[in-house]
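# Reading the structure
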Amino acid sequence: MFTKFPVHVKRGCFHAFIYKQTAFKVHLLSEALRDSTVFFIKERKLNSKDIMLDNEMLVDRYPDQPQCSPFEASSSLAMPSIPKGGVLVRVQCIGACSPEGPMKRKDLHPILPGMEIAGEVQDVCPSLPNRNFSTGDKVILFLDDDFAESGYQEYIAVDDTDKCLQIPGSIPLEVAAMLPGSALSAYSAVMKAIPHIEKLQEVKSGINVLIVGAGGMGLWAVRLANYMLSQFSQTNIKLFVSDNSIDKLLTALDHNCYDVIHWNEEDHEQYIIERTLESCKGGVDVVIDFVSSPRTVHRTLKILNREGLILVGGNTMSEVSINLNVLAAKQQSIVGIPKGTLKQLMELVDLVAEKKVKPPAYSIHNIEEANQVFEDLYQSRITGRAILKLNHSHTTDN
């Protein structure tokens, strides 16, 4: 049996049932995503007869929250207390995160966008050492993965201020929100690739780098790679981008990559490989794969040169079979994209603030449009990054 708690996505109360992680699950039905903003709450305890519905994710139901009628929600949720030695942040912008590539399917749950958060300091604990924060400071949050399902809150109590970074006034909050998530992942990937590129430059006259996936992380990777690789003494590096969406590839071209390759999944696999080899004129030396599905991994291994490197990321849980003998014979490497560090996030903030790196394309949406935004993400109707804003009543584009 389901207990219905219809909730209208509305600023000031969107977090009504998403406050702390507890034993409840919310099912964003595909019909609800298309036609309304109704959530269904179900108790977490399941048995073998239970049917797991589409787009299931863990959220919380605030126990004292009154039941709401459709298209109307209560905003009576109390503001969190200021933690001792910490700050209270009022969230203003949230990145609409969604898995890359083949994970965008109705039968798999989305990631609740809780890692890309920007806002202003609402209040500061008097016991905070040195009082480095003031009310109204623009900040972003560097949070643990466990917090990823808690970002849709209007206020967040931060007890560890080392995870709260002040943002210069030159960075808009909608741009700042992207930095701890997609931007940091892309920065970490490019930083991991650079030592290998430097090593290859000693023995090769030209180096091809392929970014798989032209979504938010892919576009950030293009921006960051263009800047960081331009610092090399030799400019013999070509940056390619592959994706199955032509619209996203056109956006990638606008971000100044060398060329794009359409990986139409309806084409024969060998044809895709041959077209990629032809575009890259002899194979690829470094791959940054933000999709990392079995198909993209096997495909990149087919086009990877001797001593090549594949960096894998993405959210796929699929297993991939790899011939280790071939990998060893060709001296190739497959490495996971490491989680970005706080130090790297600070470096990234400086690069954007000093306008050395321009943020990629993004669109701004009112929080009430959240369900439609996720539907558009699933259908690949959004290019670039989508940012949800809590205090604006209209949508604009960058």
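Residues numbered from 1 in each chain as written. Predicted model: local features only at pLDDT ≥ 70, side-chain atom pairs only at ≥ 80, totals over all residues. Heavy atoms only, no water.

### What to know about the overall build of the chain
- Each helix and strand in the chain was counted, giving ten helices and 18 strands.
- Buried residues in the chain amount to 55% of all 398 residues.
- Taking the intrachain contacts of the chain between residues at least 6 apart in sequence as the baseline, contacts between residues at least 24 apart amount to 74%.
- Accessible surface, the chain as shown: approximately 18300 Å² in total, 49% of it carbon and sulfur. (Helix = DSSP H or I, 4+ residues; strand = E, 2+ residues; numbered from the N terminus. Buried < 20%, exposed > 50% of the residue type's maximum accessible area, 1.4 Å probe, protein only. Contact = heavy atoms within 4.5 Å. Areas by Shrake-Rupley, 256 points an atom, 1.4 Å probe, with all protein chains shown as cover.)

### Overview of the sheet that holds strand β11 (residues 237-243)
- In spatial order, the strands read β12-β11-β10-β13-β14-β15; together these six strands make up an open sheet with parallel pairing. Among the strands making up the open sheet, the edge pair consists of β12 (259-262) and β15 (333-336). Put simply, the sheet's adjacent strands are angled 20° from each other on average, direction ignored.
- By the bridge criterion, four bridges tie strand β10 (residues 207-212) to strand β13 (residues 284-289) in an arrangement that is parallel. Paired with Leu210 across the strands is Val287, a residue of β13.
- Here helix α3 (residues 179-201) sits on the sheet in contact with β10, β11, β13, β14 (304-312) and β15, set at roughly 175° to β13.
- Running at roughly 155° to β14, helix α7 (residues 294-303) makes contact with β10, β13, β14 and β15 of the sheet. (Pairing = 2+ DSSP bridges. Axes fitted to C-alpha atoms, helices over the stretch in contact; angles between N-to-C directions.)

### Observations concerning the nonpolar core
- Grouped together as the largest cluster of nonpolar side chains are 61 residues, with contacts concentrated most on Leu179 and Leu224.
- In terms of residue count, α3 provides more of this core than any other element does, eleven residues in total.
- Excluding its chain neighbours within four sequence positions, the residues that come into contact with Leu179 are Ile140, Ile171, Leu184, Trp220, Leu345, Leu348, Val349 and Val352.
- Grouped together as the second largest cluster of nonpolar side chains are 26 residues, Val89, Val91, Leu128 and Leu388 included. (Core = buried A, V, L, I, M, F, W, Y, C linked by side-chain atoms within 4.5 Å.)

### Quick look at the packing of aromatic side chains
- Inspection of the entire model under this criterion finds one aromatic pair.
- Lying over the aromatic face of Trp263, Arg299 brings its terminal NZ or CZ to 4.6 Å of the ring centre. (Phe/Tyr/Trp six-rings, centres within 6.5 Å; stacked < 30°, edge-to-face > 60°. Lys NZ or Arg CZ within 6 Å of the ring centre and 35° of its normal.)

### Comments concerning the environment of Arg385
- Mapped onto the elements of the fold, Arg385 is located in strand β17 (residues 385-389).
- Overall, Arg385 belongs to the buried group, its relative accessible area being 9%.
- In sequence terms Arg385 and Val175 are 210 residues apart; their C-alpha atoms lie 9.7 Å from each other.
- Dropping the residues within four chain positions of it, Arg385 is found in contact with Cys97, Glu116, Met178, Ser182, Gly216, Ala361, Tyr362 and Ser363.
- Here Glu116 takes part through its side chain, which lies 3.0 Å from a polar atom of the side chain of Arg385. (Polar contact = N/O pair within 3.5 Å; in protein donor to acceptor, adjacent residues only side chain to side chain.)

### A word on the side chain of Arg223
- Positionally, Arg223 belongs in helix α4 (residues 216-229).
- Here Arg223 is in contact with His255, Val357, Lys358, Pro359 and Pro360, once residues within four sequence places are set aside.

### Considering the pairing of β13
- Most of β13 sits inside the fold, with six of its six residues counted as buried.
- When β13 meets β14, the two strands line up parallel, connected through five bridges. Looking at the pairing, Ile288 lines up with Leu311 of β14.
- For the segment spanning β13, α7 and β14, crossover handedness is right-handed. (Right-handed = clockwise from strand over helix to strand, strands pointing away.)

### Description of α7
- Listing the buried residues of α7 in full gives Thr296, Val297, Arg299, Thr300, Leu301 and Ile303.
- Against β10, α6 (269-280), β13, β14, α8 (324-329) and β15 lie the buried residues of α7.

### Notes on the environment of Glu154
- Position of Glu154 among the secondary structure elements: in the loop between β7 (138-141) and β8 (155-158).
- Of the residues examined, Glu154 reaches a relative accessible area of 9% and is grouped as buried.
- In the structure, Glu154 is positioned 64 residues away from Arg90 in sequence and 5.8 Å away in space, judged by C-alpha atoms.

### Here we look at a nonpolar patch on the surface
- The grouping of Ile246, Leu250 and Leu253 at the surface amounts to a nonpolar patch, some 260 Å² of accessible area in total.
- The topology assignment puts Leu253 in helix α5 (residues 246-254). (Patch = residues over 30% accessible without salt bridge, like charges linked within 9 Å, V, L, I, M, F, W, Y side chains within 5 Å. Salt bridge = Lys/Arg side-chain N within 4 Å of Asp/Glu carboxyl O.)

### Digging into the packing of α3 against helix α9 (residues 342-353)
- Here α3 crosses α9 at 100°, and the two axes come no closer than 10 Å. For the element pair α3 / α9, the angle class is roughly perpendicular. Facing α3, whose interface residues are Leu179, Pro180, Ala183, Leu184, Tyr187, Ser188 and Met191, α9 presents Gln344, Leu345, Glu347, Leu348, Val349, Leu351 and Val352.
- Its residues assigned to classes, the contact of α3 with α9 comprises eleven nonpolar, two polar and one charged. (Parallel < 35°, antiparallel > 145°, perpendicular 65-115°, else oblique. Nonpolar A, V, L, I, M, F, W, Y, C, P; charged D, E, K, R; others polar.)

### Side note on the pairing of strand β6 (residues 117-124)
- Pairing of strand β5 (residues 87-95) with β6 involves seven bridges; the strand directions are antiparallel. Across the sheet, Val87 pairs through a bridge with Val124, a residue of β6.
- Here β6 runs beside β7; their pairing, made up of three bridges, is antiparallel. Counterpart to Glu120 in the pairing with β7 is Lys138.

### Considerations on the confidence of the model for the chain
- Summarising the model, the chain shows a mean pLDDT of 75, and 70% of its residues fall at 70 or more.
- Note on residues 99-113: pLDDT under 50 across the span, and 58 contacts to partners over four residues away in sequence or across chains.
- Low pLDDT, under 50, characterises residues 392-397; the predicted model gives this stretch ten contacts beyond four residues in sequence or across chains. (pLDDT = per-residue confidence, 0-100.)

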